[in-house]
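# Summary of structural features
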Amino acid sequence: MEKLVIHGGRPLHGEVKISGAKNAALPLMAATLLTPGKHRLRNVPNLRDTRTFIRLLEYLGVKSERVGDTLSLDTTNLSSAEAPYDLVKTMRASVLVLGPLVARLGQARVSLPGGCAIGARPIDFHIMGLERLGATCHLEGGYVDLKCERALRGEVIYFDIPTVTGTENLLMAASLAEGTTVLKNAAKEPEIGNLVDMLTGMGAKIEGRGTDSLIIHGVKHLQPADCEVIPDRIEAGTYLLAIVATGGSGSVSHCRPDHLPSLLEKLRLAGVNVTETRDTITVGWNETGEGGKQLKGVNIKTMPYPGYPTDLQAQFMALMTQCSGSCVVNETIFENRFMHVAELHRMGANIKIDGHSARVEGLGMGGLKGAPVMATDLRASSSLVIAGLSASGRTDISRIYHLERGYENLVDKLTKLGAKVWKEDEQ
Ligand code: EPZ
């Protein structure tokens, strides 16, 4: 296994180009299963998770070809309706094939993803919704077996919690159902809008884009897709937080500032100078005059979009370890998303967890000290990268395969910003 070595304490400067969104590319790739034909997806990031999803699609009979960031998928002949455990256990987003397979083939057999480091992450809302549309569900041997002898039928479906992939699965299935489906308390993340745009381009009839009430009028057939993956708002937010945490100034380009309303507001409240154009965000410092840069402590509470994103919680906490005051981080989406705290403690951070909240006592800019730490999940590991970049001395982050799931060309992009970072074998 490899580790990431960082010599921290160097302010980051410059511009980094943001890649396509992992959490948009995965549902778009799943949606190609809805109809036979040759599909083209542009701006697809080359990540461990997108490569795993391509392997899953090929297992189902899809032919794929990648040229640069354009992915061509030929879904003419599907040879299976099963997503096997050895693929699903490495990437829970595999459950996104449930909806399209049931809609197109009348059946789907997907391994239950099992829990992950950040929580149990059940898929009961996905199954409830597909059963409402007429599928029958049978759980056995760790697999969920869905069958539907006739076409799916439109229904009103209410989500207790606005589930992102649950909304995506039901959007895809309802596109080919007979009649009208209404998804109530649907998720509103930008990745859902990207999927609505792709489905609409394929001939689906969907109203309510961007709202928590989506109305889908089923159609008999869809056309192959040709669409673009939106920029990755979580990658963009991660780099902005890294630049600020090192006391640097710089920009993220090819991004969507309007997809990060809560983070930009929190950075401004912390005293960071944030400016935006249509596709670029720049962060810097209002010279405080009192010598040196100071960050105010700012509280965050993770919420469904457009609230503060849970996928940027760990990264914001890494920044706040250096504030000149204190703050409270409240995680409301997942039950175990503070795995980064114990690792940040190893770097000198002063954080106390109390249930779903963590109180951070800031150390001031440059207060962390480098140390060997361990990545536990994708976003916790990016929090440790931010901490290592800002800390004095050397930080070694082990198990960086977590990072490679969601950050394309991480070492190149950080090096371009002036970081001293490289990969090494863990031995
Ligand atoms: C998506 O996961 C993202 N993954 C996650 O990003 C993200 O953290 C999450 O949404 C929340 O924004 C992808 O899009 C591939 P949910 P998802 O269903 O859809 C509960 C990353 O780092 N729930 O919106 O699995 C669930 O336990 C990943 O890129 C049920 O109880 O999340 C959670 O508490 C991590 N039953 C809440 O709802 C269900 O059937 C929100 O989960 C479904 C969800």
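It should be emphasised that the depicted structure is a prediction, and the values quoted were computed from it without experimental measurement. (Residues numbered from 1 in each chain as written. Predicted model: local features only at pLDDT ≥ 70, side-chain atom pairs only at ≥ 80, totals over all residues. Heavy atoms only, no water.)

### Some details on the environment of glutamate 82
Rules: Counting from the N terminus, the helices are the DSSP runs of H or I reaching at least four residues and the strands are the DSSP runs of E reaching at least two. Only heavy atoms enter the contact rule, under which two residues are in contact if any of them lie within 4.5 Å. In protein, a polar contact requires one atom able to donate a hydrogen and another able to accept it; more generally it is a pair of N or O atoms within 3.5 Å, and residues adjacent in sequence count only if both atoms are side-chain atoms.
Here glutamate 82 is to be found in strand 6 (residues 82-83). C-alpha of glutamate 82 to C-alpha of glutamine 107: the two residues are 25 residues apart in sequence and 8.9 Å apart in space. For glutamate 82, the residues in contact, after removing those within four places along its chain, are Tyr59, Leu60, Arg109 and Tyr143. A polar contact is formed between the side chain of glutamate 82 and the side chain of arginine 109, at a distance of 3.1 Å.

### Points about helix 12 (residues 378-390)
Under the convention used in this document: The span one expects for a helix is its residue count, reduced by one, times 1.5 Å. Think of it in three bands: with a 1.4 Å probe and only protein chains considered, a residue is buried below 20% of the maximum accessible area for its type, exposed above 50%, and partly exposed in between.
Look at helix 12: 19 Å from first C-alpha to last across 13 residues, which is about the 18 Å you get at 1.5 Å a residue. For helix 12, the tally of buried residues reaches 13 of 13 residues, placing the bulk of the element in the interior.

### Considerations on the domain arrangement of the chain
Where interface size is quoted, it is often the accessible area lost as the parts come together. Note the cut-off: What fixes the domain bounds is an automatic or database domain assignment. When two components associate, each loses some accessible surface as probed by a 1.4 Å sphere; the sum of these losses over both components is called the buried area. Whenever a carboxyl oxygen of Asp or Glu lies within 4 Å of a side-chain nitrogen of Lys or Arg, that contact is scored as a salt bridge. Three classes are used, and their members are as follows: Ala, Val, Leu, Ile, Met, Phe, Trp, Tyr, Cys and Pro are nonpolar, Asp, Glu, Lys and Arg are charged, and the others, Gly among them, are polar.
Annotation of the chain at the domain level lists domain 1 (2-19 + 231-425) and domain 2 (22-228). A C-alpha centroid distance of 31 Å is found between domain 1 and domain 2. Contact with domain 1, which involves 24 residues of that partner, is made by 20 residues of domain 2. Carbon and sulfur atoms supply 52% of the area that domain 1 and domain 2 bury against each other, a total of about 1,800 Å² over both sides. Three residues, Tyr305, Arg405 and Glu408, lead the burial of domain 1 against domain 2; their summed loss comes to 32% of the area buried on that side. Linking domain 1 with domain 2 are three salt bridges. Between glutamate 404 and arginine 48 there is a salt bridge, with its nearest N and O atoms 3.6 Å apart. There are seven residue pairs in polar contact (both at pLDDT 80 or more) connecting domain 1 and domain 2. Its residues placed into classes, the side of domain 1 that touches domain 2 shows nine nonpolar, five polar and ten charged.

### Observations regarding the packing of aromatic side chains
Two descriptors summarise a pair of aromatic rings, namely the distance from one centre to the other and the angle between the planes of the rings. Our working definition: Each pair of aromatic rings taken from Phe, Tyr and Trp, with Trp reduced to its six-membered ring, is defined by centres within 6.5 Å and is described as stacked if the planes are under 30 degrees apart, edge-to-face if over 60, and tilted in the remaining cases. Counting as a charge over the ring demands two things of the Lys NZ or Arg CZ atom: a distance within 6 Å of the ring centre and an angle within 35 degrees of the ring normal.
Enumeration according to the criterion identifies one aromatic pair in this entry. Judged by centre distance (5.7 Å) and plane angle (65 degrees), the ring pair of tyrosine 308 and phenylalanine 316 falls under edge-to-face. Between arginine 109 and the ring centre of tyrosine 143, over which it is positioned, the NZ or CZ distance is 4.1 Å.

### So, the nonpolar core
For clarity, the cut-off: Throughout, nonpolar core names a set of buried Ala, Val, Leu, Ile, Met, Phe, Trp, Tyr and Cys residues whose side chains join them through atoms within 4.5 Å.
With 73 residues, the main nonpolar core has Met29, Phe53, Val97, Leu152, Leu171, Leu183 and Leu199 as its most contacted residues. With seven residues, the top contributor of residues to this core is helix 1 (residues 22-31). Setting aside its immediate chain neighbours within four residues, leucine 171 contacts Leu183, Ile192, Leu195, Val196, Leu199, Ile206, Leu214 and Ile216. Listed in part, the 68 residues of the second largest apolar core include Leu319, Leu378, Ala387 and Leu410.

### A look at the site of the ligand
Applicable threshold: Here a residue counts as near a molecule or strand whenever at least one of its heavy atoms sits within 4 Å of it. Shrake-Rupley sampling with a 1.4 Å probe provides the accessible areas, and residues are treated as covered by the protein chains on show and by no other component.
If you check the shell around the ligand, you find 21 residues, and the closest are Asp124, Thr163, Thr165, Asp311 and Ile333. With respect to the ligand, the side chain of threonine 165 contributes an N or O atom lying 2.6 Å from an oxygen atom. The side chain of arginine 337 places a nitrogen or oxygen atom 3.5 Å from an oxygen atom of the ligand. Protein chains bury 88% of the 830 Å² of accessible surface belonging to the ligand in isolation. Elements represented by at least two residues in the shell around the ligand include exactly helix 1, helix 5 (124-132), helix 6 (164-175) and helix 12. Sorting elements by how many residues they give to the shell around the ligand places helix 5 first, with three residues. For the shell around the ligand, the class distribution of residues is ten nonpolar, five polar and six charged. Taken together, domain 1 (2-19 + 231-425) and domain 2 (22-228) each give at least three residues to the shell around the ligand, which thus spans both.

### Quick notes on the pattern of salt bridges
Between side chains of opposite charge, a pair can form as their charged atoms come close. Within the structure shown, the criterion is met by 24 salt bridges. Its salt-bridge partner being aspartate 226, residue arginine 40 comes within 3.0 Å of it at the nearest N-O pair. One end of the pair, arginine 40, is in strand 3 (residues 38-42); the other, aspartate 226, is in strand 14 (residues 226-228), and 186 residues separate them in sequence. For aspartate 226, a relative accessible area of 43% translates into the label partly exposed. Two residues, arginine 405 and aspartate 49, come together in a salt bridge whose shortest N-O distance is 2.9 Å. One end of the pair, arginine 405, is in the loop between helix 13 (401-404) and helix 14 (410-416); the other, aspartate 49, is in helix 2 (residues 48-59), and 356 residues separate them in sequence.

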